[in-house]
Amino acid sequence: MAGGTALNPTSLVELTISCRNLRDTDVFSKSDPIAVLYYKPFASNKWLELRRTECISNTLNPDFVTKIPITYHFEEQQHLKFCIYDIDSRNPNLDNHDFLGEYECSLATLVSTGKIEKPLVDKGCNVSCGNIIIVAEEMSACREEMTIQFLGKNLVNNHWFGKISPFLEFYKVNEDNTSTLVHRSEPVRNSTNPIWKDFKTQLRSFCSGDYDRTIKVNCREFVNSGNHKLLGSFVTNVRQLLQGPGPQNIYTLIDEEKKKRKGSSYKPGGEVHVCMAQVQEVFSFIDYLKGGTDLNAFIAIDFTASNGNPQSQESLHHIDMSNRAMQNQYQRAIQAVGEIIEDYDSDKYFPVLGFGARLPPNYDTVSHLFFVNGDTSNPYCYRVRGVLDAYHACLNRVQLYGPTNFAPIINHVAQFAAAHRHGDKYFILLMITDGIITDMSMTKAAIVQASTLPLSIIIVGVGDADFGAMEELDGDTVRISSGGQQAARDIVQFVPFREFLKGIEGSREGSSGGRTSRVDPNTARIRLAREVLAEVPDQFLSFMKENSVKPGAVKQGAAAAATLPMCPSLLQT
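Residues numbered from 1 in each chain as written. Predicted model: local features only at pLDDT ≥ 70, side-chain atom pairs only at ≥ 80, totals over all residues. Heavy atoms only, no water.

Caption draft 1: The overall build of the protein chain, seen in detail. Looking only at helices and strands, the protein chain has 13 helices and 28 strands in total. Expressed as a percentage of its 573 residues, the buried residues of the protein chain come to 50%. Here the contacts in the protein chain between residues at least 6 apart in sequence split such that 71% fall between residues at least 24 apart. For the protein chain, the accessible surface area stands at approximately 27,600 Å², while carbon and sulfur atoms represent 49% of it. (Helix = DSSP H or I, 4+ residues; strand = E, 2+ residues; numbered from the N terminus. Buried < 20%, exposed > 50% of the residue type's maximum accessible area, 1.4 Å probe, protein only. Contact = heavy atoms within 4.5 Å. Areas by Shrake-Rupley, 256 points an atom, 1.4 Å probe, with all protein chains shown as cover.)

Caption draft 2: Region of the structure containing the pattern of salt bridges. Scanning the model with the defined rule gives 15 salt bridges in all. For Glu281, the salt bridge goes to Arg143, with nearest N and O atoms at 4.0 Å. Residue Glu281 is found in strand 16 (residues 271-281), and its partner Arg143 is found in the loop between strand 8 (131-138) and strand 9 (144-153); the two are separated by 138 residues along the sequence. Classification of Glu281 by relative accessible area gives partly exposed; the value is 47%. When its relative accessible area of 38% is taken as the criterion, Arg143 is described as partly exposed. Overlapping salt bridges, with partners in common, bring together Glu54, Glu169, Arg184 and Arg220 in one network. (Salt bridge = Lys/Arg side-chain N within 4 Å of Asp/Glu carboxyl O.)

Caption draft 3: Seen up close, the nonpolar core. Counting residues in hydrophobic clusters, the biggest one holds 51 residues, and the most contacted among them are Phe303, Val460 and Leu528. With seven residues, the top contributor of residues to this core is helix 7 (residues 383-395). In this structure, Leu353, Phe371, Ile437 and Ile480 belong to the second largest nonpolar core, which totals 35 residues. (Core = buried A, V, L, I, M, F, W, Y, C linked by side-chain atoms within 4.5 Å.)

Caption draft 4: View of the sheet that holds strand 16. Read from one edge of the open sheet, four strands run 12-9-16-15, paired in antiparallel fashion. The open sheet has two free edges, formed respectively by strand 12 (199-202) and strand 15 (250-252), since each of these has just one partner strand. Between one strand and the next, the sheet's axes are offset by a mean angle of 35 degrees, whatever the strand orientation. Where strand 9 meets strand 16, 10 bridges bridge the pair, whose relative direction is antiparallel. Bridge pairing links Glu144 to Glu281 in strand 16. (Pairing = 2+ DSSP bridges. Axes fitted to C-alpha atoms, helices over the stretch in contact; angles between N-to-C directions.)

Caption draft 5: A look at the layout of surface pockets. What the second largest pocket holds in volume is close to 430 Å³. Elements supplying a minimum of two residues to the lining of the second largest pocket: strand 1 (10-20), strand 8 and strand 11 (179-184). Of all the elements, strand 8 adds the most residues to the lining of the second largest pocket, at four residues. (1 Å grid on protein atoms, 1.4 Å probe; cavity = no way out; pocket = protein on both sides within 12 Å on 5 of 7 lines; lining within 4 Å. Points joined across faces, edges and corners; volume = space filled by probe spheres on them.)

Caption draft 6: Representation of unusual backbone geometry within the structure. In this structure, Pro361 follows Pro360 across a cis peptide bond, with omega equal to 10 degrees. Mapping Pro361 onto the fold places it in the loop between strand 19 (357-358) and strand 20 (366-367). In the segment running from Gly402 into Pro403, the intervening peptide bond is cis, with an omega of 5 degrees. By secondary structure assignment, the location of Pro403 is in the loop between strand 23 (399-400) and helix 8 (407-418). Despite not being glycine, Asn58 has its phi angle at roughly 55 degrees, a positive value. Mapping Asn58 onto the fold places it in the loop between strand 3 (48-52) and strand 4 (68-73). The class of Asn58 is buried, set by a relative accessible area of 16%. At Ser548, a residue that is not glycine, the phi angle is positive and equals roughly 55 degrees.

Caption draft 7: Expanded view of a nonpolar patch on the surface. On the surface, Tyr349, Tyr380 and Tyr382 cluster together into a nonpolar patch covering about 300 Å² of accessible area. Looking at where Tyr380 falls in the secondary structure, it is placed in strand 22 (residues 380-382). (Patch = residues over 30% accessible without salt bridge, like charges linked within 9 Å, V, L, I, M, F, W, Y side chains within 5 Å.)

Caption draft 8: Spatial organisation of helix 6 (residues 329-342). Its 14 residues give helix 6 an end-to-end C-alpha distance of 19 Å, which sits within 8% of 20 Å, the value for a rise of 1.5 Å per residue. Among the 14 residues of helix 6, 12 are classified as buried, and the element is accordingly described as predominantly covered. For helix 6, the complete set of buried residues consists of Gln329, Tyr330, Gln331, Arg332, Ala333, Ile334, Gln335, Ala336, Val337, Gly338, Ile341 and Glu342. (Expected span 1.5 Å × (residues − 1).)

Caption draft 9: Structural context of the sheet that holds strand 19. On the basis of which strands lie adjacent, the open sheet formed by three strands has the order 20-19-23 and antiparallel pairing. For this open sheet the edge positions go to strand 20 and strand 23, each flanked by a neighbour on one side alone. Summarising the sheet, strand 19 and strand 23 pair through two bridges and their orientation is antiparallel. Along strand 23, the bridge assignment pairs Ala357 with Leu400.

Caption draft 10: Region of interest: the packing of aromatic side chains. Going through the model one piece at a time under the given rule, you end up with 19 aromatic pairs. Consider the rings of Phe170 and Phe206, whose centres lie 6.0 Å apart with planes at 50 degrees: the pair is tilted. Here the residue Phe170 occupies a position in strand 10 (residues 166-173), and Phe206 occupies one in helix 2 (residues 203-206), the gap between them amounting to 36 residues. Ring geometry for Phe234 against Tyr251: centres 4.3 Å apart, planes inclined by 10 degrees, an arrangement best described as stacked. Within this pair, whereas Phe234 is found in strand 14 (residues 229-236), its partner Tyr251 is found in strand 15, the two being separated by 17 residues in sequence. Among the aromatic residues, those joined into a cluster by ring pairs are Phe283, Phe285, Tyr288, Tyr426, Phe540 and Phe543. One Lys or Arg, Lys81, reaches over the ring of Tyr38 and ends 5.9 Å from the middle of that ring. Its end group placed over the ring of Tyr401, Arg358 keeps NZ or CZ at 3.7 Å from the ring centre. (Phe/Tyr/Trp six-rings, centres within 6.5 Å; stacked < 30°, edge-to-face > 60°. Lys NZ or Arg CZ within 6 Å of the ring centre and 35° of its normal.)

Caption draft 11: Seen up close, the side chain of Thr236. Its location among the elements puts Thr236 in strand 14. Under the relative-accessibility criterion, Thr236 is labelled buried at 6%. Among the polar contacts made by the side chain of Thr236, one reaches the side chain of Tyr251 at a distance of 2.8 Å. Here Thr236 is in contact with Arg213, Thr214, Ile215, Leu241 and Tyr251, once residues within four sequence places are set aside. (Polar contact = N/O pair within 3.5 Å; in protein donor to acceptor, adjacent residues only side chain to side chain.)

In structure tokens form, the structure reads like this:
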């Protein structure tokens, strides 16, 4: 280590959250809790949301499976706030849900104690809010991921009518003999011989990287009320599971308490078998970047007439020449995302595409794909500044028209992604639009076809239009499909820019003050960039994993060079 320098003592810590005896705010059922973690950035007094767990239905004693990784810095005081909400709908804004309580502490407190149980606080409530249990565990350097599948045989069914819907819960046993929930399967409906879906889990979370750590598995019968019934349990470890199917991985389900009560009359709850188990090394986003993968961004801009006349101050395309620092929403979106991607793009050149305008010299046809810089053979603009200059010049050259068609742009970019399947390049398409898509069926088909390619699509909606249809393209909840074919991966992220202009935090400020209704443009731009790019690393890694691409594994000549069409005006209609 060089003189005069020091290594910061940092570690990656994983937080596991549980609650006990939460308030019940639902009338006809129990609460549906979710945990939300907030943090205060260094030298800031403002709470920002870091992560949410999954929502668990009908329980006042949730054990959340979602783990929250966070980097521990010894030299910083890292403030954390854990908020619990009762989720009543699919609306992501937490203001629309019942607040159940919160707990504040420092990360140092969690790291030094390992596990704490503290009461939740709600200053507007005089009754007990229950307790929160937080376990902090330093994550090992293990980079392996296990894929595993189980089936059940002859599970006990004590119902006269109907069948059970069994699921599995996996716990790793800690050194102090406590256990931590690490995975919960989905229930298989109405089956005493279930085949559960295979699942992937990182071994550093599943067993702390220790192949011999005891794993306890509970098999339960799903009950709508949340009072799931135990069918039986067994213990194993990763080393044994990796031996795969066979007598060594057939487990009898035993309910020890019931066995003690019934004695010799006790009958086991059935059997659980391992169908398949394998381990593979996991690579990070940074591993691929270090291995030479280049990120290439295309930018597509909506020039349809619904944006309004650029000469009018009401237009989304209006540029205030008297105050160049006051950018419109298109400019802010371009700069916010472009400045991040620019750091990962080796040549700093962005192909910039336009759609929905009539072009000179005749202005008699609408183009759904043209080069914004006006060069019919070269769409590239150098750095973000070049993109913004080309956008400004284009507004004075084209005639805004319509309709809003996405498919030609997506298919165009997919041509280049198709030529780079071997890990040398990954493509990001940023589409900025104000309107409702008019070629929705063709856009869906284009996205489904592109889902097998090294491509992510980011759609930023500007203005106040109804973007409800856009959410359908964002496959976070339901994977998009077309003509009976489902997308291979979720490659679309949609974000309405107005949320950032209005400063909508979706967070609870608590004692630190009321929610801010306005944010400065720079803060909005930073938050937009973080939101729209948040899913790219996972989408990137999903492509690499599904195509067995390893970092630095690109062979010379393996990927053919993609060439631009000589003139995109051939796609005009």
